[in-house]
Amino acid sequence: MTKLRWDPCLDTGIEEIDWEHRRLLNIANRLLDAMTRGKGEVAVRPVSRDLLRHAEEHFAHEEAYMRDMGYPGIEAHIKEHVGLRKSAEKFVAALESDDPPGAVQLNALMSHWLLDHILKLDKQYAAFSRERAGKGQCP
Ligand SMILES: [Fe+2]
Ligand SMILES: [Fe+2]
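Conventions we followed
- Residues numbered from 1 in each chain as written.
- Chains lettered and ligands numbered in written order.
- Predicted model: local features only at pLDDT ≥ 70, side-chain atom pairs only at ≥ 80, totals over all residues.
- Helix = DSSP H or I, 4+ residues; strand = E, 2+ residues; numbered from the N terminus.
- Rg over C-alpha atoms; globule rule 2.2 N^0.38 Å.
- Buried ≥ 20, exposed ≤ 12 C-beta atoms within 10 Å, placed from the backbone.
- Axes fitted to C-alpha atoms, helices over the stretch in contact; angles between N-to-C directions.
- Parallel < 35°, antiparallel > 145°, perpendicular 65-115°, else oblique.
- Left-handed = near helix turned anticlockwise from the far one by under 90°.
- Contact = placed C-beta atoms within 7 Å.
- Nonpolar A, V, L, I, M, F, W, Y, C, P; charged D, E, K, R; others polar.
- Expected span 1.5 Å × (residues − 1).
- Arc of directions from axis to C-beta.

Some remarks on the overall build of the chain
Stage number 1. Scanning the chain from N- to C-terminus turns up four helices and zero strands.
Stage number 2. Of the regular secondary structure in the chain, the N- to C-terminal order runs α-α-α-α.
Stage number 3. The C-alpha radius of gyration computed for the chain amounts to 16 Å, which stays within 12% of the reference 14 Å derived for 139 residues, consistent with globular compactness.
Stage number 4. Each of the three principal axes of the chain carries a C-alpha extent, and together these read 50 × 25 × 20 Å.
Stage number 5. For the chain, the proportion of its 139 residues judged to be buried stands at 19%.

Structural data, given as structure tokens:
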């Protein structure tokens, strides 16, 4: 199973946020690994719970960050987080069911869940933050 790879264009330039994104990607890869090696529910469950917990912390952190800087797109962004949270919870519940999804489905979910979201939405508030700080736009 192909692991998720970090691409430099995913960097927002906000150090703590980038660090959290990379940590989420690493946990997703650990989960892919546990699933593809067929380690069973005993190995998969703690990693999937870890992913949910860190995602929750990350969303809360981002939302506080956007609120603090008066980001105008915050409501739409929070709505996306609600959708992502639901799909992740659904996936984890399915993992613990009698008919768990496979690593291919996890890879597809994470590509959308993590990478698309960062590229489309997280980078928008990062650009806003840079503009506010007078640092201009990244190319
Ligand atoms: Fe994010
Ligand atoms: Fe986000």
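Side note on the packing of helix 3 (residues 74-95) against helix 4 (residues 103-132)
Angle between the axes and distance between the axes: these two values describe a pair of packed helices.
Stage number 1. In contact at an axis separation of 11 Å, helix 3 and helix 4 are set at 165° when each is read in the N-to-C sense. By the criterion of interaxial angle, the relationship of helix 3 to helix 4 is roughly antiparallel. Where helix 3 crosses over helix 4, the handedness of that crossing is left-handed. Of helix 4, the residues touching helix 3 (which contributes His77, Glu80, Leu84, Ser87, Ala88 and Phe91) are Leu109, Trp113, His117, Leu121 and Tyr125.
Stage number 2. Taken together, the residues of the contact of helix 3 with helix 4 break down into seven nonpolar, three polar and one charged.

Thoughts on the packing of helix 1 (residues 15-36) against helix 4
Stage number 1. One way to put it is that helix 1 packs onto helix 4 with a least axis distance of 10 Å and a crossing angle of 175°. By the angle between their directions, the pair helix 1 and helix 4 is classed as roughly antiparallel. Side by side, helix 1 and helix 4 meet where His21, Leu24, Leu25, Ala28, Leu31, Leu32, Met35 and Thr36 of the first sit next to Ala103, Leu106, Asn107, Met110, Leu114 and Ile118 of the second.
Stage number 2. For the contact of helix 1 with helix 4, the per-class residue count stands at eleven nonpolar, three polar and no charged.

Structural notes on helix 2 (residues 41-68)
Residues separated by three or four positions in an α-helix point in the same direction, a consequence of the helix having 3.6 residues per turn.
Stage number 1. For helix 2, with 28 residues, the first-to-last C-alpha span of 40 Å sits near the 40 Å given by 1.5 Å per residue.
Stage number 2. Within helix 2 the residues assigned to the buried category are Val44, Val47, Ser48, Leu51, Ala55, His58, Glu62 and Met66.
Stage number 3. Considering only its buried residues, helix 2 is in contact with helix 1, helix 3 and helix 4.
Stage number 4. Gly70 sits one or two residues past helix 2 and shows a positive phi near 65°.

A word on helix 1
Stage number 1. Between the first and last C-alpha of helix 1 there are 31 Å, a value that for 22 residues agrees with the 32 Å anticipated at 1.5 Å per step.
Stage number 2. Taken together, the buried positions of helix 1 are occupied by Ile17, His21, Leu24, Ile27, Ala28, Leu31, Leu32, Ala34 and Met35. Down the axis of helix 1, the sector holding all buried residues measures 165°, keeping them to one side. For helix 1, exposure combined with an orientation more than 90 degrees from the buried face picks out Glu15 and Trp19.
Stage number 3. Next to the buried residues of helix 1 lie helix 2 and helix 4.

Looking at the environment of Leu109
Stage number 1. Within the secondary structure layout, Leu109 lies in helix 4.
Stage number 2. C-alpha separation for the pair Leu109 and Cys9, spaced 100 residues apart in sequence, amounts to 20 Å.
Stage number 3. Leaving out residues up to four positions away in the same chain, Leu109 has contacts with Ser87 and Phe91.

Considerations on the environment of Pro72
Stage number 1. One can find Pro72 in the loop between helix 2 and helix 3.
Stage number 2. With 56 residues separating them in the primary sequence, Pro72 and Phe128 have C-alpha atoms 9.2 Å apart.

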